[in-house]
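Each chain, letter by letter, is given below.
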Amino acid sequence: MKRLIKLLSLWAAPLLLLMGCNHKELCDIHPHEITIRVAFDWVEAPEANPRGMCVYFYPLDGGSGKRIDFPNRVGGKVNLRVGNYRILCFNNDTEANIFFNTHSFDSHGVYTREGNVLEPIYGNSANYNPRGEGIDQERVVITPDMMWGCSAVDVMIADDHVHYTCVPQSALSRSNSQPQSSEDSRAGYPITTNEQVITLYPHEMVCTYTYEVRNVSNLKHVVNICGTLSGMAGQMTLSSEALSTEPVTLPFETYSDGVSTLTGRFYTFGHHAENLDPHTMTFYVVMDDGTKLCYTGGKNLDVTQQVHEAPDFRHVHLIIDGLDLPQPIENGHGFKPGVDDWGVVEEDIIM
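Notes on the structure in this doc start here. Given the structure is predicted, the values throughout are model-derived calculations rather than measurements. Within any chain, residue numbers begin from 1 and follow the written order of that chain's sequence. Thresholds applied to this predicted model are a pLDDT of at least 70 for local features of residues and 80 or more for the giving and counting of side-chain atom pairs; totals over whole chains, interfaces and linings are not thresholded and use all residues. Side-chain measures here rest on the full set of heavy atoms in the structure, leaving out hydrogens and waters.

### Description of the state of the cysteines
Then comes step 1: Put simply, a disulfide is two cysteine sulfurs that come within 2.5 Å. Across all of its chains, the model carries zero disulfides by this definition.
Then comes step 2: There is no disulfide at Cys54, and the cysteine sulfur nearest it, in Cys89, is 7.8 Å away.

### Section: the side chain of Glu119
Then comes step 1: Note on placement: Glu119 falls in helix α2 (residues 119-122).
Then comes step 2: When residues no more than four places from it in sequence are discounted, the contact partners of Glu119 are Arg113, Asn124, Ala126 and Ile142. Put simply, DSSP H or I for four residues or longer makes a helix, DSSP E for two residues or longer makes a strand, and each gets a number counted from the N terminus. The criterion used for residue contact is that any of the two residues' heavy atoms lie within 4.5 Å.

### Observations regarding the sheet that holds strand β20 (residues 281-287)
Then comes step 1: Paired strands are those between which DSSP finds at least two bridges. The mixed open sheet is built from six strands, whose spatial order is β8-β17-β15-β20-β21-β23. With partners counted over all chains shown, the strands left at the sheet margins are β8 (139-140) and β23 (343-345), one partner each.
Then comes step 2: Looking at chain direction, β20 and strand β21 (residues 292-295) are connected through four bridges and run antiparallel. Counterpart to Val285 in the pairing with β21 is Leu293.

### Observations concerning the nonpolar core
Then comes step 1: In terms of nonpolar packing, the biggest core is built from 48 residues, with Ile36, Phe40, Val55, Phe57, Ile157, Ile198 and Leu200 touching the most fellow members.
Then comes step 2: The set of elements that each furnish at least two residues to this core consists of β1 (33-40), β2 (53-59), β3 (66-70), β4 (75-81), β5 (83-91), β9 (148-157), β10 (162-166) and β12 (197-200).
Then comes step 3: Examining the composition of this core, we find that six residues originate from one element, β2, more than from any other.
Then comes step 4: Residue contacts for Val55: discarding those within four places in its chain leaves Val38, Phe40, Lys66, Arg67, Ile68, Phe70, Ile87, Leu88, Cys89 and Leu200.
Then comes step 5: For this analysis, a nonpolar core means a set of buried residues of the types Ala, Val, Leu, Ile, Met, Phe, Trp, Tyr and Cys, connected via side-chain atoms within 4.5 Å. Exposure categories follow from relative accessible area, calculated using a 1.4 Å probe and restricted to protein chains: below 20% of the type maximum is buried, above 50% is exposed, and the middle band is partly exposed. Leu250, Met287, Leu301 and Val303 belong to the second-largest nonpolar core, a separate cluster that totals 33 residues.

### Comments concerning the side chain of Gln196
Then comes step 1: Locating Gln196 in the fold gives a position in the loop between β11 (191-193) and β12.
Then comes step 2: A residue is classified by how much of its surface remains accessible, and Gln196, at 13% relative accessible area, is buried.
Then comes step 3: Polar contact is defined as a pair of N or O atoms within 3.5 Å, subject to the rule that within protein one atom must be able to donate a hydrogen and the other to accept it, and that residues adjacent in sequence are counted only when both atoms are side-chain atoms. Reaching out from Gln196, the side chain makes a polar contact with the backbone nitrogen of His161 at a distance of 3.1 Å.
Then comes step 4: Residues contacting Gln196, with those up to four places away along its chain left out, are Ile34, Thr35, Ile36, Arg37, Ala158, Asp159, Asp160, His161 and Val162.

Dropping the structure here:
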């Protein structure tokens, strides 16, 4: 009997070892990957037209985010490990925007490169920088490209379902003057579905500024013109859309109707509410006799109130009434200064 028990023990030991190995092998494949589909619903930005979108999945258990790019605005499939995540998404077709801290959901941000106030006229070759009084210490950076995007939190990807909450515009740091999410959007509501689909609701992430300068004299003699706006934010954190506090100056293109009106449109991250520096517009004008003038200063082109009191901070329209350009000397025989010979003009303009 003892011999039989000993033989059974010898036979059972390898079996137990084999079972232990099988159990360990199962543990090695957890967490495993499954396929889910990412979809974009454009109810928050129906006119958006990005050529493509990227999505970052940030695992809560640590590690850098996994970036997935889609060559469309519809979405597609992605393989992910089951687990808990946070998500950032935005359009991937920008050129001016520079991204930093992409490894972190909380600090992933965007900024733009250094620029020159005359860059809209002379391009990257611009090297002279005439500045108005009071804004001459601000850095000049180029305007960002348009961005649409959003974030999602409480994301759980499981074998048989997904759970997530897409953060609505109304929950972001600058949303106090922004309308609530559309009734057709489920942004802000926890979603659980066994269809293995995560639907994201991108919205505008940057601001669109338009402007018009009315009753401009001698506009038919203008050869080149561009402008700047001071006191704006030069950087944004994507998950919260919080802005940097450093004020910067943004150069932008200006268009003339050849009669009496100047207009323009540009994108900006916006302005930080705690930044008390004024928002001053400056215009750089080259006349057909070679005269170069920089219009700036004081109450002349101060649009601070218009920026701060805009009904919708995402879409700001600035209006200036009156700009007195000089009458050039006839037949092109007037003063033709060199590239550095810019005259600064400060005169009151009735707003």
